[in-house]
Amino acid sequence: MFAIDKTIMLLIDVQGQLAQLMYEKEKLFKSLGTLIQGMKILEVPIIWMEQIPKNLGPTTEAISKYLTGEEPIEKFSFSCCSEPQFMDKFKKAGRTQVLLTGIETHICVFQTGHDLINQGCEVQVVSDCVSSRTKENNEVGIQRIVQAGGQVTCVEMIFFELLRAAQGDNFKQIVKLIK
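As the structure is a prediction and not an experimental result, all values here were calculated from the model.

**Brief notes about the sheet that holds strand β4 (residues 97-103)**
Judged by pairing direction, the sheet is parallel, and its six strands sit side by side in the order β3-β2-β1-β4-β5-β6 without closing on themselves. Lying at the two open borders of the sheet, with one neighbouring strand each, are β3 (73-75) and β6 (151-153). For this sheet the average axis-to-axis angle between neighbouring strands, irrespective of direction, equals 30 degrees. Sheet analysis places β4 next to strand β5 (residues 122-131), joined by six bridges and oriented parallel.

Have a look at this one:
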């Protein structure tokens with residue numbers, strides 16, 4: 001199971017017009033907002049990525065509004081791991097349990113997950129926080145991450161996995177988020 005002090009969240013490319021084309025985008029945006037707020041409560045670091053923002057546009061406001069004080073890292077490759085600035089920040093964080101979120105599941109999310117698994121990281125794809133333009137592509141992306149050695153989770157499952165017990169202030173704050 002994942003632990004708070006070993007976990008990091010990756011937010012991959014939820015930007016511009018592409019984000020508006022995602023399968024079940026409203027559900028995706030809501031789940032991502034909830035997860036980001038929860039990670040901040042739990043003090044789990046978030047690395048925020050944007051694919052060529054001058055072409056695709058900035059992260060959608062429904063998501064970026066929860067990331068005040070954070071700066072996105074620009075990337076050109078599909079896998080975050082091919083970007084030196086990402087790898088530097090990732091290594092400095094010293095975390096080995098990775099929560100994958102963002103778009104598109106079958107491209108950037110999959111390739112990043114695959115590369116991180118090959119580097120020895122434990123990877124969980126947050127099923128309600130990833131999407132592709134089609135339901136089928138989303139499902140195939142999740143399947144390929146699992147075939148590569150990753151696991152599947154969802155917002156509520158990872159919150160309670162990290163919390164471990166129904167007690168304390170963090171628990172109370174997380175419960176308010178998901179109700």
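There's more to say after this.
**A short note on the pairing of β5**
Each regular strand shows side chains that alternate between the opposite faces of the sheet. The buried fraction of β5 is high, at eight of 10 residues. As defined by bridge partners, β5 adjoins β6 across three bridges and the pair is classed as parallel. Along β6, the bridge assignment pairs V125 with V152. A crossover connection joins β5 to the parallel β6 through helix α7 (residues 135-147); in handedness this β-α-β unit is right-handed.

Definitions and limits used
Residues numbered from 1 in each chain as written. Predicted model: local features only at pLDDT ≥ 70, side-chain atom pairs only at ≥ 80, totals over all residues. Heavy atoms only, no water. Pairing = 2+ DSSP bridges. Helix = DSSP H or I, 4+ residues; strand = E, 2+ residues; numbered from the N terminus. Axes fitted to C-alpha atoms, helices over the stretch in contact; angles between N-to-C directions. Buried < 20%, exposed > 50% of the residue type's maximum accessible area, 1.4 Å probe, protein only. Right-handed = clockwise from strand over helix to strand, strands pointing away.

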